[in-house]
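So the chains spell out like this:
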Amino acid sequence: MRLLSLPLRSPAYIDTVDWDALSPSEGQRLREFGVCEGASIEALHRGGLLGGGPIACRVGRMTVAMRRSHAAAIEVRTGPAPDDLPGNLAA
Amino acid sequence: MSSFPLVALVGNPNAGKSALFNALTGARQKLGNYPGVTVERKAGRLSLPDGRPVELVDLPGTYSLAPTSPDEQVTRDFVLGKQQGEKLPDALVIVVDASNLDNHLRFALELIGLGLPTVVALNMVDLATRDGLELDARILSMELGVPVIPTVAVRKRGLDDLKAALETLLSSGATEIRPSAPPVSFEVVRKEARRIARIAIMRETASRRLTGAVDRVLLHPVAGFVILLALLFVMFQAVFSWAGPPADLLEGWVLALGAFITNTLPPGIVHDFLLQGVVGGVGAVVVFLPQILILFFFILMLEATGYMARAAFIMDALMARVGLSGRAFIPLLSSFACAVPGIMATRTISDPKDRLTTILIAPLMTCSARLPVYGLIIAAFIPARSVGPGIGLQGLVMFLLYVAGIVGAMLAAWALRLTVTKGQSSGFLMEMPKYQLPRAAGHTDRPVAARRDLPEARGHHHSGDQHCPVGAGQLPACARWRTAKRIFNRGADRRRHQRAGRADRFQPRHFAGTAAVHGGARSRRVGHRDGVCDRCRG
């Protein structure tokens, strides 16, 4: 499931990230925000009056705002992050 | 620039760097600019426990040593000793947010890898506790190989420990310095950071943060937008109505000063210069000072509470339509106060085209210097009547004038995007900081005496001794001494060592009993894996 279509406030973890769909600087910034395979993620808020606005997500312990184009590049699975993956912390 | 040891404060954005900087340097700050870029250089003087002065520089917050914007470039160049006109720092203070450890540690590891003498300030430990996190600074220190000092910058906790650790670092002499970015891959560092964070976190409970609940309302697509507009409206209404009485007062003074000049000086060129030039010119602007101050107050409050990032989030969809990102909203809102800091604030926008567009439209926002003109025109042409409960016509017109400025800027941005700054925009990626209660200059919860650094308080009443020389026992009500003593008491170890004449061997190990930290770059080579430092045993 894409992060874009993840229901609000349902815990999930990042399955894969399509880094090629993001520009190098965007990819770097997302990595710095803790976006990586296995990190726990939760969609919190959607912005924009008429839709098309950014999405605020909790990644690990951080709240990050990103545009829909970024969220479309992130593939997620619902449920708590599995322990063996390195991304898990706030599970 | 100065011969004092140079210490740089580095860390992620929102780690509380500036609060720590303010707490450490107090009023002794110097603002400047790095050559060639509009990045502010914030430096201050700090006195170590032994009285040595140190120059502390607050570097712009960044997420890694791979810069994406001009101010991140400054941070990188500074810690590598490549910043023009700066020497290589003698020590680094890495500020990490205790409740965001795994993320902030990654950058901390990157910085520690530079090999400079380093101390880590584990900041905002109180918020981490509130978040249900329990950390062990001792373990963290062992894993990182550098001293780790828990601090709460806004409450001035842990500052003495931090200074003591710095002192140890700077006395131990420079270690081998290899100021080049280590060729370690991002993934490796990230995994290491996560591993260390997991070890250091003793207990972790999931907690529903207040921030999340507030955000549900403030980031709501409809409610959030209405609240933002209402907030802006109240802000401008307040600028107009609250500023009335103090502005009248100032006007009275200006008139009185004019009358005084007329009465005392004979008519002539000096009289005219003072009356029409100085009093007439400066006076006309000074009258609007209350309005400008109120506007700046509101903008600073929005920034300090963390609402600015929310405003950017709400505005992003709209800004995207004219080819800008929500990030541009903050510089543009600052431009309401003054376009100069507004343009300076654009340095956080990493995309050059986004930045240029924002810079070009920022002056179209109604800055506070235009406020007098608006005020004058409104007072002259708009009657002061009410058009509804609590809504004055004058305030409403003021609001609409501001809106006109915004619409004009948006049209200009749209036109620029089609011509000068053509191309793909960079998108919107932003951290949403936790909400915080703003504090006046970061130190309101202490009596006045405590706002001074300890050496000064000591100099006033007890010159390095335990007893108040002004009269031990005679002055039990000496508030300043009591406060100084209270701070002093927390450094129990320090006193013990001083009494025993071993001040040189003092190692900070207090702060709620969690931190046993052994400073100095040498500690990396000192065996203390078994929990006790070799240097303490010996």
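This is a predicted model, so every value here is computed, not measured.

1. Quick word on the overall build of chain A
- Secondary structure assignment for chain A yields two helices and five strands.
- The linear arrangement of helices and strands in chain A, starting from the amino end, is β-α-β-β-β-α-β.
- Buried residues in chain A amount to 54% of all 91 residues.
- A sequence separation of at least 24 residues applies to 66% of the contacts in chain A between residues at least 6 apart.

2. Some words on the overall build of chain B
- A count of helices and strands for chain B gives 22 helices and twelve strands.
- Here chain B holds 538 residues, and 41% of them are scored as buried.
- Once local pairs closer than 6 in sequence are excluded, the contacts in chain B between residues at least 24 apart make up 70%.

3. Section: unusual backbone geometry
Residues and elements named next belong to chain B.
- A positive phi angle, close to 65 degrees, is found at Asn14, a residue other than glycine.
- Mapped onto the secondary structure, Asn14 falls in the loop between β1 (6-11) and α1 (17-25).
- Given 19 C-beta atoms within a 10 Å radius, Asn14 is considered partly exposed.
- Despite not being glycine, Met124 has its phi angle at roughly 60 degrees, a positive value.
- Looking at the element boundaries, Met124 is found in the loop between β6 (118-123) and α4 (125-130).
- Note on Met124: 29 C-beta atoms within 10 Å, which makes it buried.

4. Things to note about the sheet that holds strand β5 (residues 74-78) of chain A
- Read across the sheet, six strands follow the order β5(A)-β1(A)-β2(A)-β3(A)-β4(A)-β12(B) without closing on themselves; strand pairing throughout is antiparallel. Taken across any chain shown, the strands that pair with only one partner, and hence form the sheet edges, are β5 of chain A together with β12 (429-431) of chain B. Pairwise comparison of adjacent strand axes, ignoring direction, gives a mean angle of 40 degrees for this sheet.
- Two strands pair when backbone bridges link them, and strand β3 (residues 55-59) of chain A and strand β4 (residues 62-66) of chain A are joined in this way by five bridges, in the antiparallel orientation. Its bridge partner being in β4 of chain A, Val59 of chain A is matched across the sheet by Met62 of chain A.

5. Section: helix α18 (residues 393-418) of chain B
Residue and element names in this part refer to chain B.
- Its 26 residues give α18 an end-to-end C-alpha distance of 38 Å, which sits within 8% of 38 Å, the value for a rise of 1.5 Å per residue.
- Along α18, the positions that sit buried rather than exposed are Gln394, Gly395, Met398, Phe399, Tyr402, Gly405, Ala409, Ala413 and Leu416.
- In the core, the buried residues of α18 are packed alongside α9 (223-242), α14 (329-337), α16 (352-361), α17 (371-381) and β11 (391-392).

6. Regarding the nonpolar core
- Counting residues in each nonpolar core, the largest one holds 76 residues, and the members touching the most others are Ile14, Val35, Ile41 and Cys57 of chain A together with Phe329 of chain B.
- With nine residues, helix α13 (residues 307-321) of chain B is the largest single contributor of residues to this core.
- Excluding its chain neighbours within four sequence positions, the residues that come into contact with Ile41 of chain A are Leu3, Ala12, Tyr13, Ile14, Cys57, Arg58, Val59 and Val76 of chain A.

7. Comments concerning the interface of chain A and chain B
- At the interface, 32 residues of chain A touch 32 residues of chain B.
- Mapped onto the side of chain A that touches chain B, the elements with two or more residues apiece are α1 (24-32), β2 (40-46), β4 and α2 (68-72) of chain A.
- No other element matches the seven residues that α1 of chain A contributes to the side of chain A that touches chain B.
- Its residues placed into classes, the side of chain A that touches chain B shows 13 nonpolar, twelve polar and seven charged.

8. Topic: the confidence of the model for chain A
- Of the residues in chain A, 86% reach a pLDDT of 70 or more, and the chain-wide mean stands at 81.
- Ranking the helices and strands of chain A by mean pLDDT puts β5 of chain A first, with 91, and α1 of chain A last, with 83.

9. Quick word on the environment of Asp272 of chain B
Residues and elements named next belong to chain B.
- Take Asp272: it is sitting in helix α11 (residues 269-286).
- Accessibility expressed as a C-beta count within 10 Å gives 13 for Asp272, which makes it partly exposed.
- Placed ten residues apart in sequence, Asp272 and Thr262 show a C-alpha to C-alpha distance of 9.1 Å.

10. Re the environment of Thr421 of chain B
Residue and element names in this part refer to chain B.
- Mapped onto the elements, Thr421 comes out in the loop between α18 and β12.
- Here Thr421 falls in the buried class, since 20 other C-beta atoms lie within 10 Å of it.
- Each residue touching Thr421, except ones within four places of it in the same chain, is listed here: Lys353, Leu356, Thr357 and Leu416.

11. Brief notes about the pairing of strand β3 (residues 40-47) of chain B
Residues and elements named next belong to chain B.
- Two elements, β3 and strand β4 (residues 53-58), share six bridges in a ladder whose sense is antiparallel. Pairing of Gly44 across the sheet is with Leu56, part of β4.
- Taking the residues between adjacent antiparallel strands as the criterion, β3 and β4 are bridged by five residues, where Gly51 takes a positive phi near 95 degrees.

12. Focus: the packing of helix α12 (residues 289-305) of chain B against α14 of chain B
Residue and element names in this part refer to chain B.
- Taken N-terminus to C-terminus, the directions of α12 and α14 make an angle of 160 degrees; their axes are 8 Å apart at the nearest point. By the angle class used here, α12 and α14 are roughly antiparallel. The element α12 and its partner α14 pack so that their crossing is left-handed. Within the contact between the two elements, α12 uses Leu295, Phe296 and Ile299 and α14 uses Leu333, Ser334, Phe336 and Ala337.
- Residue classes in the contact of α12 with α14 are distributed as six nonpolar, one polar and no charged.

The rules behind the values
- Here the residue numbering is sequential within each chain, running from 1 through the sequence in written order.
- All chains are assigned letters beginning at A, and all ligands numbers beginning at 1, according to the order in which they are written.
- Two thresholds apply to this predicted model, a pLDDT of at least 70 for residue-level local features and 80 or more for giving and counting side-chain atom pairs, whereas whole-chain, interface and lining totals are computed over all residues.
- Working definition: helices are DSSP H or I runs of at least four residues, strands are E runs of at least two. Numbering for both runs from the N terminus.
- Burial in this document is a count-based property: other C-beta atoms within 10 Å of a residue's C-beta are tallied, and the residue is buried at 20 or more, exposed at 12 or fewer, or partly exposed in between, with C-beta positions derived from the backbone.
- Residues are treated as contacting if the C-beta atoms built from their backbones sit within 7 Å of each other.
- When DSSP finds two or more bridges between two strands, those strands count as paired.
- Angles shown run from 0 to 180 degrees and are taken between the N-to-C directions of axes, each axis being a line fitted to C-alpha atoms and, for helices, limited to the stretch in contact.
- Here, expected helix span is obtained from the residue count minus one, scaled by 1.5 Å.
- Under the definition applied here, buried Ala, Val, Leu, Ile, Met, Phe, Trp, Tyr and Cys residues are grouped into a nonpolar core through C-beta atoms within 7 Å.
- Basically, the charged four are Asp, Glu, Lys and Arg, the nonpolar ten are Ala, Val, Leu, Ile, Met, Phe, Trp, Tyr, Cys and Pro, and anything else, Gly included, counts as polar.
- Residue-level confidence of the predictor is what pLDDT reports, using numbers from 0 through 100.
- Oblique is the label for any angle not under 35 degrees, not over 145, and not in the 65 to 115 range, which are roughly parallel, roughly antiparallel and roughly perpendicular in turn.
- It is the rotation of the near helix from the far one that decides the hand of a crossing: anticlockwise by less than a right angle makes it left-handed, clockwise makes it right-handed.

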